[in-house]
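Topology and contacts: notes
Take a look at the letters that make up each chain.
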Amino acid sequence: MQKQKREIALHTKREILKEYVYVLIGAAIVAITFNVFLLPNRVASGGVSGISTILDAVIGWEPAYVQWAFNIPLFIAGVVFLGKQFGAKTLVGTIFLPFVVFLTKDFGAWTNDPLLASLFGGIGVGLGLGVVFRGKASTGGTDLAAQIINKYTGLSLGTCVAIIDGLIVLTAAIVFDIERGLYALLALFVTSKTIDLVQVGFGRTKMTMIITEKQVEVREGILNKIDRGVTKLTAYGGYTDSERPILMCVVDQSEFTKLKQLVKSIDPTAFIIVTDASEVLGEGFNRA
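All of the points below concern the structure found in this document. (Residues numbered from 1 in each chain as written. Predicted model: local features only at pLDDT ≥ 70, side-chain atom pairs only at ≥ 80, totals over all residues. Heavy atoms only, no water.)

With that out of the way, let us pick up the overall build of the protein chain. The helix and strand inventory of the protein chain stands at 10 helices and four strands. Along the protein chain, helices (α) and strands (β) appear in the sequence α-α-α-α-α-α-α-α-β-α-β-β-α-β when read from the amino end. Within the protein chain, buried positions represent 41% of all 288 residues. Taking all contacts inside the protein chain whose residues are at least 6 apart in sequence as the whole, residues at least 24 apart take part in 72%. Total accessible area on the protein chain stands at roughly 16100 Å², and carbon and sulfur atoms take up 62% of it. (Helix = DSSP H or I, 4+ residues; strand = E, 2+ residues; numbered from the N terminus. Buried < 20%, exposed > 50% of the residue type's maximum accessible area, 1.4 Å probe, protein only. Contact = heavy atoms within 4.5 Å. Areas by Shrake-Rupley, 256 points an atom, 1.4 Å probe, with all protein chains shown as cover.)

A word on the nonpolar core. If you look at the biggest cluster of nonpolar residues, it comprises 19 residues, and the most contacted ones within it are Val43, Leu97 and Val101. Elements represented by at least two residues in this core include exactly α1 (2-38), α4 (87-103), α5 (114-134) and α8 (178-200). By residue number, the principal contributor to this core is α1, which donates six residues. Not counting residues within four places of it along the chain, the set of residues in contact with Val101 comprises Ala31, Phe34, Asn35, Pro63, Ala64 and Gln67. (Core = buried A, V, L, I, M, F, W, Y, C linked by side-chain atoms within 4.5 Å.)

Here the focus is the side chain of Gln67. Within the fold, Gln67 resides in helix α3 (residues 63-82). In terms of polar contacts, Gln67 uses its side chain to reach the side chain of Ser52, at 3.2 Å. Discounting residues that sit within four places of it in the chain, Gln67 has contacts with Phe34, Val48, Ser49, Ser52, Leu97, Pro98 and Val101. (Polar contact = N/O pair within 3.5 Å; in protein donor to acceptor, adjacent residues only side chain to side chain.)

This brings us to the pairing of strand β2 (residues 231-236). Pairing of β2 with strand β3 (residues 243-252) involves six bridges; the strand directions are antiparallel. Residue pairing for β3: Tyr236 is matched across the bridge by Glu243. Remark: six residues form the turn of the hairpin made by β2 and β3, two consecutive strands paired antiparallel; Asp241 in that turn has positive phi of roughly 60°. (Pairing = 2+ DSSP bridges.)

Each strand in a sheet pairs with another by means of backbone hydrogen bonds, the pair being arranged parallel or else antiparallel. Pairing in this open sheet of four strands is antiparallel, and the strands run β2-β3-β1-β4 from one edge to the other. Looking at which strands have only one partner, the edges of the open sheet turn out to be β2 and β4 (271-277). When strand polarity is set aside, the average angle formed by the axes of neighbouring strands in this sheet is 25°. Each of β1 (205-211), β2 and β3 is contacted by helix α9 (residues 215-226), which is oriented at about 15° to β3, the strand it contacts most. (Axes fitted to C-alpha atoms, helices over the stretch in contact; angles between N-to-C directions.)

Another aspect to go through is the side chain of Ser45. Within the element layout of this structure, Ser45 appears in the loop between α1 and α2 (47-58). A relative accessible area of 11% places Ser45 in the buried class. If near-sequence neighbours (up to four positions away) are discounted, Ser45 is found in contact with Leu38, Gly50, Ala184, Ala187 and Leu188.

Glancing now at the pattern of salt bridges. In the structure shown here, the tally under the stated rule is six salt bridges. The partner of Asp56 in a salt bridge is Arg42, and the shortest N-O contact between them spans 2.8 Å. Within this pair, whereas Asp56 is found in helix α2, its partner Arg42 is found in the loop between α1 and α2, the two being separated by 14 residues in sequence. (Salt bridge = Lys/Arg side-chain N within 4 Å of Asp/Glu carboxyl O.)

Okay, the packing of aromatic side chains next. Following the criterion strictly, the structure yields five aromatic pairs and no others. Both rings, one in Phe37 and one in Trp110, keep their centres 5.7 Å apart while their planes meet at 80°; by these two values the pair is edge-to-face. With Phe37 in helix α1 and Trp110 in the loop between α4 and α5, the pair connects residues that are 73 residues apart, well separated along the chain. By relative accessible area, which is 56% here, Trp110 ends up exposed. Relative to Phe99, the ring of Phe96 has its centre 6.3 Å away and its plane inclined at 40°; by these criteria the two rings are tilted. Taken together, the residues span about one helical turn, with Phe96 and Phe99 both in helix α4 at a distance of three residues. A residue is classified by how much of its surface remains accessible, and Phe96, at 24% relative accessible area, is partly exposed. Through a chain of ring-to-ring contacts, the aromatic side chains of Phe37, Trp110 and Phe120 assemble into a single cluster. The ring of Tyr20 has Lys89 lying over it, and the distance from NZ or CZ to the ring centre is 6.0 Å. (Phe/Tyr/Trp six-rings, centres within 6.5 Å; stacked < 30°, edge-to-face > 60°. Lys NZ or Arg CZ within 6 Å of the ring centre and 35° of its normal.)

Further remarks concern α5. Residue pairs spaced three or four apart in an α-helix point in one direction, given the helix's 3.6 residues per turn. With 21 residues, α5 should cover 30 Å at 1.5 Å per step; its first-to-last C-alpha distance of 29 Å lies within 8% of that length. The residue sitting at the N-terminus of α5 and contributing the capping side-chain oxygen is Asp113; that oxygen lies 2.9 Å from the backbone nitrogen of Leu115. In the stretch just after α5, Lys136 is the one whose phi turns positive, near 60°. (Expected span 1.5 Å × (residues − 1).)

Together, Ile72, Ile76, Val80, Phe81, Leu91, Ile95 and Tyr152 make up a nonpolar patch on the protein surface, roughly 640 Å² of accessible area in all. Mapped onto the nonpolar patch, the elements with two or more residues apiece are α3 and α4. Sort the elements by how many residues they give to the nonpolar patch and α3 lands first, with four residues. Tracing the sequence through the fold places Ile76 in helix α3. Its relative accessible area of 49% is what places Ile76 among the partly exposed residues. (Patch = residues over 30% accessible without salt bridge, like charges linked within 9 Å, V, L, I, M, F, W, Y side chains within 5 Å.)

Shown next as structure tokens:
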């Protein structure tokens, strides 16, 4: 029992350490991306980094200082108004990201094409934030402001984020020009899609719902020939109101063709519904 407790404690410490590493790596990716793509091309794609890009252009303020000036008070406000739910990892991300921005400020632009900067800047920021989120933290900033507004106004969190980022992009369009505002919107869109990709992967898993008169044979074929589990659901036909079992099975994309051929060979009249499964956790798939 004592040995098991020690192993659990050691595993927990390793997981916490891994999460901190995720936060540091993710924040560093966001910071470097900001300096080499977004800032030199004046792409203010929302968030505190977007605000710092605008203030750097208008007043000449150091972006890292601006980000600290916004991030730290927002973190404190988040703790005051929302409770101590953010934890040390979010504080680390909040402080470390501007620090890396400061350290890498002389890296210089990797491209002077604003379209390329928007695309690769969006990918880099999305990749970094996705890694931070995998560390169960955030980099603070306007996300905390959105959560505070959400709590006290009743607006959905998505609406609050959209309003804040929208105002920043609109300000960029006014300060720079409409074209830069459009590039900022493009970068924002690419960032959100990249975060999803990092979080849930490439969606190479398929969930199938099979309605067949030969459900016993189909179930045994899936279990024995494809070596995948099957869940039997109870349903009722809308027209006949009679009970009709549905077989649910999740397979890798590489196994889907084999599954389809198997079902059709057993019952050519089977009805098959196929959807992408963003993430699958459990036996035979991801463990975490």
